[in-house]
Every structure is written in structure tokens, then in C-alpha cells.
Amino acid sequence: MTGRPRGTATGALSRRRLLGAAGAGALAVGAAGVGGFAYGNDSEEPAHGVDRATYPFHGRHQAGITTPAQDRLHFASFDVTTDSRQQLVALLREWTAAARQMTAGAPVGGDAPTSYDAPPTDTGEALGLDASGLTLTFGFGPSLFAKDGTDRFGLRDKQPAALRELPHFPADKLDPRRSNGDLCVQACAHDPQVAVHAIRNLARIGFGTVAMRWAQLGFGRTSSTSTRQATPRNLLGFKDGTANLKAEDPKSLEEFVWVQEADDADATWLTGGSYLVARRINMHVEPWDRASLREQEALIGRDRGEGAPLSGGTEFTEPDFDLQGRDGPLIATDAHVRLAHPTRNKGVHMLRRGYNFTDGSDVLGRLDAGLFFIAFVRDPDVHYIPMQTRLSSQDALMEYLQHTGSGLFAVPPGVTSTSGFIGEGLFA
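Report follows, based on the coordinates.

Criteria and cut-off values
Residues numbered from 1 in each chain as written. Predicted model: local features only at pLDDT ≥ 70, side-chain atom pairs only at ≥ 80, totals over all residues. Heavy atoms only, no water. Helix = DSSP H or I, 4+ residues; strand = E, 2+ residues; numbered from the N terminus. Contact = heavy atoms within 4.5 Å. Salt bridge = Lys/Arg side-chain N within 4 Å of Asp/Glu carboxyl O. Buried < 20%, exposed > 50% of the residue type's maximum accessible area, 1.4 Å probe, protein only. Pairing = 2+ DSSP bridges. Polar contact = N/O pair within 3.5 Å; in protein donor to acceptor, adjacent residues only side chain to side chain. Expected span 1.5 Å × (residues − 1).

Some points on the environment of Glu 261
Within the element layout of this structure, Glu 261 appears in the loop between helix 4 (250-256) and strand 7 (274-283). In contact with Glu 261, not counting residues within four places along its chain, are Thr 268 and Thr 271.

See the structure below:
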């Protein structure tokens, strides 16, 4: 990670925050201070200190996609429990109002007085904390449009053709209790308490209209979304996301991330939005930790220290897949970097935004840990499914991976006015 970013410091950190920053290492947001660049929003990115960043809620695109990746995640999937379109719209309006306040560092309900005999409008565990770079990104699952053949809210005619449950890839072992959902919310922040507070409040607001289906906490981002961020490492100990798309490349974002008006005539409401792919990937860390460094590097196709391809150079040197060694290609034909590289996938890129997770241990005493993979793509049928099908069946690294959760969500464009709400175009 980079050090303290440019911009003014924001006062003395509390002891808890200072210790948290020292332990996590990634609270520094040095990548976020690119002056004059809007990170997919219409407002200029403000200067900020290590843990007092705020990102604009309003903009052409939702925040939390090209925003410099924060270090903490709370991802939640919800099922809609009402059959009332009016109640669903009312919920989205309430969620939007709450998101405006929380991303600005204010409590839900603002400073409006609350009756002493009524529940507080905010759950309170983030009082005294700043916004901590909080972004909230909302998505709609395919079951929101139609479920068991039923047009639930009069939206089926507007369902994007690409929005459906992801296929069952080879070697998948999906848990339905950790998959899919009608709505999703991605909360990212530098402080885990701020991210958890955001999801908790949205769930509280939605009581009676939605119920949480599943959720995932994440720590230690596994990708960089800005050139000002260093490449992080995953729980296998290797740098992850070296070739990730970056906010400073708007041309590639238009090609591979943002949905265009001509993409789907029946879903023009999604123009300026994207698709969110979520995959919970368990890593078999105990056998991995017993594998030799030679085997680990051969499976990845990069060296562990620098992150350079085994064909030579430094981290950002393009791999030479034709370079031969004594026993064949220096980068094996089933190495992860070869099979995932854009040159082996018709030039396809994606914007990854995943996180490490550790959820205790399983019944056999092994770590329940791995990568919560998140990617934003313009068209999952082109920019995700073909590559994942290939990786699932050919990647030698799959010996140490198990995909246990899955979801695909349409992420509408951002809210551009103070009277607008998330997904407004869908309900027009």
C-alpha cells in the first residue's frame, strides 16, 4: 500500500483507529488523490486524509465501482418479501435517502429530533465516526423481474437479456443460502464498523419489505481500481489483479464496464450502469501452505515476491507465453495467469473489486477462508462467463479453490438529482 495521500490531514486519529490502521495496513488511500479525476462521478474527487475520505453519492455512475478500492467490505443480498410495487419503490427511495446521509458521514435521519418513546432513526454504532470513504452500490437480481414464471412487479419486459442466474460452472459447489437474491448492496469503507453500520441500517429500514438472504464480510482488498494503488495480495500470498482495469482509463471502462444504450433495446434504463458478478471462492489454504514454492509459482504463473510473470521482467511486464524452458513453456499451459490473460480471452478485460474473507473454521477444523470475488462488466455473456467456464475446467489452480456462492446483479446508473432514487429509470 502507498503511504499517506496528498491533501490535508484530518486531525488526530483515535487510539482505536490508529491501531486499526497499523493492523490493516490498507487504510491509507493514497490512490484516491488524483486531482481533477472524477472516478466515474460528476464531482471532483476531494483531498482527504487517511481515514476521512468522502466520495460523492450523486453522479452518472454509482460510486463504489471505479472509486479507489477501500479496505473493508460488507456485501448483502436481500429477498423482497412484499408483492407491492409501490412498497418496493418506497423502499428504494428510503434507501437512497439513507445512503446520501451515511456516505456523507451523517446519521440516518440527520439531526431531526426523535421522540424519546420511539426507536432512534439510526442504529448509532457509527456515531462519532466519519464517513471513512463509505460507498454504497446497489444492484437488482434476475428474480426481482420474474420468479417462477411470475412477473412480480410489472418489470419483466424491462429485464435485461444478460441478467439471469449464472450457469453452473465445472467444479462449482454452490450453497443456495449464499447465492443470488432480488437486491444487493455493496458497502465499502476504510473502517469495518462504518460498512457494517450501513448495511445494518438499510436492513432495518427494509424490515417488512425485504429480508436479508445472505451477507459477506471482507477485508484486505484483492484488487486496485486506481493507478495510485499498489497491487494487493490474496490469501494464497500472491499479488492479485495486476492487469485490473483502472479508473484512469475511461476508454476501457466504456468498452468493458459501462452498459451502453445500444446494448439492449428493452433495458435502456441500465445505460450508464453495469453488471456485478459476485463469487464466493473458498481457498484450501492448509494444503496450499504445504505446497512447494516452485509448485505455487507454476500454478499461478508469476513469482511470489515481485509478482512478475515467470517469463521474466517485473510485475507489469507482459507475459511471454511462447518463451520456452527446458521442460516446456516457462508459463505452463494450465497456469492461472495464462488462462485468465486478456490475450487468451479475445481481449476481454473486467474491473475486479474483490476482498479476502475468513469466516472461522469448518466442521473439519479447516479455515473457512478465501476470496470474495466481485467484478463489474458491461456484458456477463461476453466479459465473464466464457472466461470463467475456461478457468473452471482448465485452470490447475482449481485444485486449491472451491466456488461456494454466486450471484449476478444489474447495477443501475447513479442518481443525478436530490429528488431521484436508485433504479428510478426502471420504474419510470
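Considerations on the pattern of salt bridges
This model, assessed by the stated rule, comprises 14 salt bridges. Close ionic contact of Arg 200 with Glu 125 constitutes a salt bridge, the shortest N to O distance being 3.2 Å. Here Glu 125 lies in the loop between helix 2 (85-103) and strand 2 (135-140) and Arg 200 lies in helix 3 (residues 192-205), a separation of 75 residues in the sequence. For Arg 200, a relative accessible area of 43% translates into the label partly exposed. Asp 263 is the salt-bridge partner of Arg 378, the closest N and O atoms lying 2.8 Å from each other. Remark: Asp 263 occurs in the loop between helix 4 and strand 7 and Arg 378 occurs in the loop between strand 12 (367-377) and helix 8 (380-383); sequence separation between them is 115 residues. Bridged by salt links that share partners, the residues Arg 280, Asp 359 and Asp 368 form one connected network.

Examining the pairing of strand 6 (residues 210-221)
Alignment of strand 1 (residues 72-80) against strand 6, held across 9 bridges, turns out to be antiparallel. Bridge pairing in strand 6 links Val 80 to Val 210. Pairing analysis gives 2 bridges linking strand 6 to strand 11 (residues 355-361), with the strands arranged antiparallel. Its bridge partner lying in strand 11, Arg 221 is registered against Tyr 355.

Some points on the side chain of Asn 282
One can find Asn 282 in strand 7. Take Asn 282: its relative accessible area is 11%, and that puts it in the buried class. Side-chain polar atoms of Asn 282 contact the side chain of Arg 280, separated by 2.9 Å. Among the polar contacts made by the side chain of Asn 282, one reaches the side chain of Asp 368 at a distance of 2.7 Å. Those residues within four positions of Asn 282 in sequence are excluded, and the remaining contacts are Phe 357, Asp 368, Ala 369, Gly 370, Tyr 400, Leu 401, Gln 402 and Thr 404.

A look at the environment of Val 108
Positionally, Val 108 belongs in the loop between helix 2 and strand 2. Its relative accessible area of 8% is what places Val 108 among the buried residues. For the pair formed by Val 108 and Ala 97, sequence separation is 11 residues and the distance between their alpha carbons is 8.2 Å.

With respect to helix 3
Under the 1.5 Å per step criterion, the end-to-end length of helix 3 is 20 Å for 14 residues, consistent within 8% with the ideal 20 Å. Taken residue by residue, helix 3 has Val 194, Ala 195, His 197, Ala 198, Ile 199, Asn 201, Leu 202 and Ile 205 as its buried positions. Where helix 3 begins, the capping side chain belongs to Asp 191, and its oxygen is found 2.8 Å from the backbone nitrogen of Gln 193.

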